[in-house]
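Each chain, letter by letter, is given below.
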Amino acid sequence: MGSGVKEASMHLREDADSVLPAPKRDHGQVLSSLLSGALAGALAKTAVAPLDRTKIIFQVSSKRFSAKEAFRLLYFTYLNEGFLSLWRGNSATMVRVVPYAAIQFSAHEEYKRVLGRYYGFRGEALPPWPRLLAGALAGTTAASLTYPLDLVRARMAVTPKEMYSNIFHVFARISREEGLKTLYHGFTPTVLGVIPYAGLSFFTYETLKSLHRGTRGCPGMCPQDRRASCGRAARGPPCHGPGYDKCPVPAGVYLREYGGGRQPYPFERMIFGACAGLLGQSASYPLDVVRRRMQTAGVTGHAHGSILSTLRAVVREEGAVRGLYKGLSMNWLKGPIAVGISFTTFDLMQILLRQLRS
């Protein structure tokens, strides 16, 4: 009897595979992911730019970090250079963050689609390891394509206005005085750091949303025809209800955005994103300190060196915990805010653009 059930289930899956068309590349969907990601990154980074600049200044110096010293630095920067100086380097940040976030979110959607097809799952139905892999690959792809902009942004954040007048001036001076290869100085620790950061961030956020929803709906049912469901929404293999071939929602989107259970409210998405940011940034923070030291070595007096030599220098000068985790408490404040805003904005923009398209 057991073998009969097994054979029947195999036939069911074969029948389902024959009915379900292969997922097609939707260029409109890719474009909406790029647009949503760009807006998400811009809003998130602008919101926390003063805290981010303060964190970088402490990371690349030998000053001892404390919340009191951080807010004192913010206050004196405001008094001496004006309110807008708190956002110094934010233009370079936007030049980097907008393409970075657009590429990262869009790549994440693509990697989920590819891995989902490979493993026989879709969207957030991916098992844990492929879900983690999709986030790590998305972060690595974005970091690889936008790294020189990250270095320029770090240089502008730690130098006075007189040294670099704009982004192009930074590129010109680095190329002339330090060589073009300097634009990728610190790239290795960046990639090593972004793998756990992006992987854990996306994994945590997607997992919390899935746990919030609990049961899944039928991936073959158009949300317009949910009442006509065949009744297997929360159990058994995917069904293909009426209206499947006419549904305006792209394949795989139903499970992700219309699955069973109440969708998270925006403030709940913010909380999920905050948890994701807290976990991801805590795991990758020491490598963030190392890459900042390497990126700004040419203007802070530190010698250009490898990851290990920079790591040893930080530990020797400031200690393992105090040096490698300096500014982490600031990151615990700004990181969850930024990641929460980013994930929430992306999700809401995606839902809005899908509604407009349909």
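Owing to the predicted nature of the structure, the values given are computational and were not obtained by experimental measurement.

**Q** What exactly am I supposed to notice about the overall build of the protein chain here?
**A** Helix and strand counts for the protein chain come out as 14 helices and 0 strands. Ordered by position from the N terminus, the helices and strands of the protein chain form the series α-α-α-α-α-α-α-α-α-α-α-α-α-α. Expressed as a percentage of the 358 residues in the protein chain, the buried residues total 49%. Partitioning the contacts of the protein chain with sequence separation of at least 6, the portion at a separation of at least 24 is 80%.

**Q** Help me out: how do you make sense of a nonpolar patch on the surface in this one?
**A** On the surface, Tyr75, Phe76, Tyr78, Leu79, Phe83 and Leu84 cluster together into a nonpolar patch covering about 680 Å² of accessible area. Looking at where phenylalanine 76 falls in the secondary structure, it is placed in helix H4 (residues 67-81).

**Q** Hey, could you run me through the pattern of salt bridges in this one?
**A** Charged atoms that come close allow side chains of opposite charge to pair. Applying the stated rule across the entire model yields 17 salt bridges. One salt bridge in this structure joins arginine 269 and aspartate 347, with 2.6 Å as the shortest N-O distance. Highlighted residues: arginine 269 in helix H10 (residues 266-295) and aspartate 347 in helix H14 (residues 328-357), separated in sequence by 78 residues. Using a relative accessible area of 2% as the deciding quantity, one classes arginine 269 as buried. Between arginine 291 and aspartate 288 there is a salt bridge, with its nearest N and O atoms 2.7 Å apart. Residue arginine 291 and its partner aspartate 288 are both found in helix H10; the two are separated by 3 residues, about one turn of the helix. Aspartate 288 matches arginine 291 in its accessibility class, with the two residues each being buried. A network of salt bridges, in which partner residues are shared, links Arg96, Asp150, Asp288, Arg291 and Arg292.

**Q** Looking at this model, I keep getting lost on the packing of aromatic side chains. Mind explaining?
**A** Geometrically, a pair of aromatic rings is defined through the distance of the ring centres and the angle of the planes. Applying the stated criterion across every chain, the model contains 12 aromatic pairs. An aromatic cluster of three or more residues is present, and its members are Phe105, Phe202, Tyr205, Phe343 and Phe346. The ring centre of tyrosine 100 lies 4.7 Å from the NZ or CZ of arginine 96, which sits over that ring.

**Q** I would appreciate a short explanation of helix H5 (residues 90-119) in the present structure.
**A** Along an α-helix, residues three or four apart share an orientation, since each turn contains 3.6 residues. For H5, spanning 30 residues, the distance from its first C-alpha to its last is 41 Å, which sits close to the expected 44 Å at 1.5 Å a residue. A maximum bend of about 25 degrees is found in H5 at valine 97, where proline proline 99 lies one to four positions downstream. Just past H5, the residue glycine 120 takes up positive phi, approximately 80 degrees.

**Q** In this structure, what is going on with the packing of helix H3 (residues 49-59) against H10? I would like to understand it.
**A** Between two packed helices, the angle of one axis relative to the other and the distance separating the axes together describe the packing. For the pair H3 and H10, interaxial distance at closest approach is 9 Å and the crossing angle is 75 degrees. What the angle tells us is that H3 and H10 run roughly perpendicular. Between H3 and H10, the contacting residues are Lys55, Ile56 and Gln59 on the first element and Tyr285, Asp288, Val289, Arg292 and Arg293 on the second. Looking at the contact of H3 with H10 residue by residue, the class counts come to 3 nonpolar, 1 polar and 4 charged.

**Q** Looking at this structure, how should I read the packing of helix H2 (residues 27-47) against H14?
**A** At a minimum axis separation of 8 Å, H2 and H14 run at an interaxial angle of 150 degrees. When the axes of H2 and H14 are compared, the pair comes out roughly antiparallel. Between H2 and H14 the crossing geometry is right-handed.

**Q** Just to check I follow, could you spell out H4 for this structure?
**A** With 15 residues, H4 should reach 21 Å at 1.5 Å per residue; the first-to-last C-alpha distance of 21 Å fits that figure. Close packing links the buried residues of H4 with H3 and H14. One or two steps after H4, the chain reaches glycine 82, where phi turns positive at roughly 100 degrees.

**Q** Quick question: what am I supposed to make of the confidence of the model for the protein chain here?
**A** Predicted coordinates in regions of low pLDDT should not be interpreted in detail. With 76% of its residues at a pLDDT of 70 or more, the protein chain has an overall mean of 77. Averaged over each element, pLDDT in the protein chain is lowest for helix H1 (residues 2-19) (43) and highest for H2 (92).

**Q** Please explain the environment of histidine 212 as it appears in this structure.
**A** Along the chain, histidine 212 turns up in helix H8 (residues 187-213). The residues contacting histidine 212, other than those within four sequence positions of it, are Arg262, Gln263, Pro264, Glu268 and Phe272.

Rules used throughout
- Residues numbered from 1 in each chain as written.
- Predicted model: local features only at pLDDT ≥ 70, side-chain atom pairs only at ≥ 80, totals over all residues.
- Heavy atoms only, no water.
- Helix = DSSP H or I, 4+ residues; strand = E, 2+ residues; numbered from the N terminus.
- Buried < 20%, exposed > 50% of the residue type's maximum accessible area, 1.4 Å probe, protein only.
- Contact = heavy atoms within 4.5 Å.
- Patch = residues over 30% accessible without salt bridge, like charges linked within 9 Å, V, L, I, M, F, W, Y side chains within 5 Å.
- Areas by Shrake-Rupley, 256 points an atom, 1.4 Å probe, with all protein chains shown as cover.
- Salt bridge = Lys/Arg side-chain N within 4 Å of Asp/Glu carboxyl O.
- Phe/Tyr/Trp six-rings, centres within 6.5 Å; stacked < 30°, edge-to-face > 60°.
- Lys NZ or Arg CZ within 6 Å of the ring centre and 35° of its normal.
- Expected span 1.5 Å × (residues − 1).
- Bend = angle between axes of the 7 residues up to and from the residue.
- Axes fitted to C-alpha atoms, helices over the stretch in contact; angles between N-to-C directions.
- Parallel < 35°, antiparallel > 145°, perpendicular 65-115°, else oblique.
- Nonpolar A, V, L, I, M, F, W, Y, C, P; charged D, E, K, R; others polar.
- Left-handed = near helix turned anticlockwise from the far one by under 90°.
- pLDDT = per-residue confidence, 0-100.

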